[in-house]
Number of protein chains: 2
Amino acid sequence: MTDTRAGSARPGADAPADAADAAGDRVFAALASPVRREVLRLLREEGPQPVQRIAGRFAMARPSLSEHLRVLREAGLVSERKVGRQRLYRLEAVPLHEVREWLDPFERFWREKLTGLRDLLDDLDEP
Amino acid sequence: MTDTRAGSARPGADAPADAADAAGDRVFAALASPVRREVLRLLREEGPQPVQRIAGRFAMARPSLSEHLRVLREAGLVSERKVGRQRLYRLEAVPLHEVREWLDPFERFWREKLTGLRDLLDDLDEP
DNA sequence: ACTATAGGTAGGAAATCTCCTACCTATCAA
DNA sequence: TTGATAGGTAGGAGATTTCCTACCTATAGT
């Protein structure tokens, strides 16, 4: 007994989470894979492409890539459009804006570090 | 037979990957968890904190949070410093700069979408 | 020295991820 | 129509993640 379980401290209490973040979660999760980040880079640099052409860049079977594309699609990061018997996948960059916005408030922290200001307000914080 | 396995198409051929990306991989992977993103936000807004204080925000046992902190530590996103019998965890934002840099080249794409320019160069790309 | 507290580590269960090999459908070309 | 090609889906193996409950060490206070 007595593991001091939190019990009442749920993150939902002061986080606006709920269903709104679910989409963002999927975006961050999609970016966790180097393969998927590379796919996005590829679509950015070379424009919309059929699956085969994308698959040619990776040392993996095509169905595996199809899975990655599904993850990207469900995160809203790519869209597909049928052209003849192939599917053109196209970058949909808007959800990345959400990542950027999440990142923004951290910017001053790394900027302070990178410009050499270093710790300074770090020692004022512990109460 | 004949599944047209790629075989010779390895991403290492035209990607500078190798060991340099490994660190970045860990950063992106660390951000994939909503819990870990929330920990970073917390350290950013309230400064360095001991594990218990962080753990109080989540509905999970403390050892589980310790695991998350380890992931963040190995990604270089937090550092710890012993103070008495507690460990102060502090945000280390510099690795986030790397994420920002990865994101940057995508900016013009979502900006075009958000400002209503829409598709425009999408139809020039397929050869 | 003894007890309580902070927090890491061990090991395991359940879920999820990532890859694979079939296999299926839809379209184009003969 | 028949065959070849593009690409999704099914199902499964193996690795990884995420949570848990013990359990252990180190420091602080009495």
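Parameters and conventions
Residues numbered from 1 in each chain as written. Chains lettered and ligands numbered in written order. Predicted model: local features only at pLDDT ≥ 70, side-chain atom pairs only at ≥ 80, totals over all residues. Heavy atoms only, no water. Pairing = 2+ DSSP bridges. Helix = DSSP H or I, 4+ residues; strand = E, 2+ residues; numbered from the N terminus. Near = heavy atom within 4 Å. Nonpolar A, V, L, I, M, F, W, Y, C, P; charged D, E, K, R; others polar. Polar contact = N/O pair within 3.5 Å; in protein donor to acceptor, adjacent residues only side chain to side chain. Salt bridge = Lys/Arg side-chain N within 4 Å of Asp/Glu carboxyl O. Contact = heavy atoms within 4.5 Å. Axes fitted to C-alpha atoms, helices over the stretch in contact; angles between N-to-C directions. Buried < 20%, exposed > 50% of the residue type's maximum accessible area, 1.4 Å probe, protein only. Arc of directions from axis to C-beta. Parallel < 35°, antiparallel > 145°, perpendicular 65-115°, else oblique. Left-handed = near helix turned anticlockwise from the far one by under 90°.

Another point: the sheet that holds strand β3 (residues 86-91) of chain B. Here we have three strands laid out as an open sheet, ordered β1-β3-β2 (chain B), and antiparallel in their pairing. Either end of the sheet is taken by a strand with one partner, and the two such strands are β1 (49-50) and β2 (78-83) of chain B.

Around DNA strand C sit 20 residues in total, of which A:Ala61, A:Ser64, A:His68, B:Gln52 and B:Ser66 are the nearest. By atom count, sugar and phosphate contribute 67% of the portion of DNA strand C lying within 4 Å of the protein. Those elements giving two or more residues to the surface near DNA strand C turn out to be α4 (62-74) of chain A together with α3 (51-55), α4 (62-74) and β3 of chain B. Residue classes in the surface near DNA strand C are distributed as seven nonpolar, six polar and seven charged.

Here we come to the protein's contact with DNA strand D. Near DNA strand D, the surroundings consist of 19 residues, among which A:Gln52, A:Ser66, B:Ala61, B:Ser64 and B:His68 are the closest. Sugar and phosphate atoms constitute 66% of the interface atoms of DNA strand D, taking the interface as everything within 4 Å of the protein. A distance of 3.0 Å separates a base nitrogen of DNA strand D from a polar atom in the side chain of A:Arg62. For the surface near DNA strand D, the secondary-structure elements that each account for two or more residues are α3 (51-55), α4 and β3 (86-91) of chain A together with α4 of chain B.

In the structure shown here, the tally under the stated rule is 32 salt bridges over all chains. Measuring nitrogen to oxygen at the nearest pair gives 2.6 Å for the salt bridge that ties A:Arg37 to B:Asp25. Note that A:Arg37 is positioned in helix α2 (residues 34-46) and B:Asp25 in helix α1 (residues 20-31), a pairing that runs across two chains. For A:Arg57, the salt bridge goes to A:Glu46, with nearest N and O atoms at 2.6 Å. Placement of A:Arg57 in the loop between α3 and α4 and of A:Glu46 in helix α2 is noted, with a sequence separation of eleven residues between them.

We now examine the sheet that holds strand β2 (residues 78-83) of chain A. All names here are of chain A. Read across the open sheet, the three strands follow the order β1-β3-β2; overall the sheet is antiparallel. One side of each edge strand has no neighbouring strand; the edge strands of this open sheet are β1 (49-50) and β2. Bridging between β2 and β3 involves six bridges; their strand directions are antiparallel. Within β3, the residue paired with Lys82 across the bridge is Arg87. Along the sheet, α2 contacts β1, β2 and β3; its crossing angle with β3, the most-contacted strand, is approximately 90°.

Here helix α6 (residues 107-114) of chain A has its buried residues at A:Glu107, A:Phe109, A:Trp110 and A:Glu112. Contacts made by the buried residues of α6(A) are with α5 (94-103) of chain A together with α2 (34-46), β3 and α5 (94-103) of chain B.

This part covers the side chain of A:Glu92. Relative to the assigned elements, A:Glu92 resides in the loop between β3 and α5. Here A:Glu92 falls in the buried class, since its relative accessible area comes to 16%. Separated by 3.0 Å, the side chains of A:Glu92 and B:Lys113 make a polar contact.

Right, let's get into helix α6 (residues 107-114) of chain B. Of all the residues in α6(B), the buried ones are B:Glu107, B:Phe109 and B:Trp110. The buried residues of α6(B) all sit within an arc of 165° when viewed along its axis, so they share a single face. Among the structural elements, α2, β3 and α5 of chain A together with α5 of chain B are those in contact with the buried residues of α6(B).

This paragraph deals with the packing of α6(A) against α5(B). Interaxial distance between α6(A) and α5(B) falls to 8 Å at its minimum, and their mutual angle equals 115°. In terms of axis orientation, α6(A) runs roughly perpendicular to α5(B). Along this stretch, α6(A) crosses α5(B), giving a crossing that reads as left-handed. For the pair α6(A) and α5(B), the contacting residues are A:Glu107, A:Trp110, A:Lys113 and A:Leu114 in the first and B:Val94, B:Leu96, B:His97 and B:Arg100 in the second. When its residues are assigned to classes, the contact of α6(A) with α5(B) shows four nonpolar, one polar and three charged.

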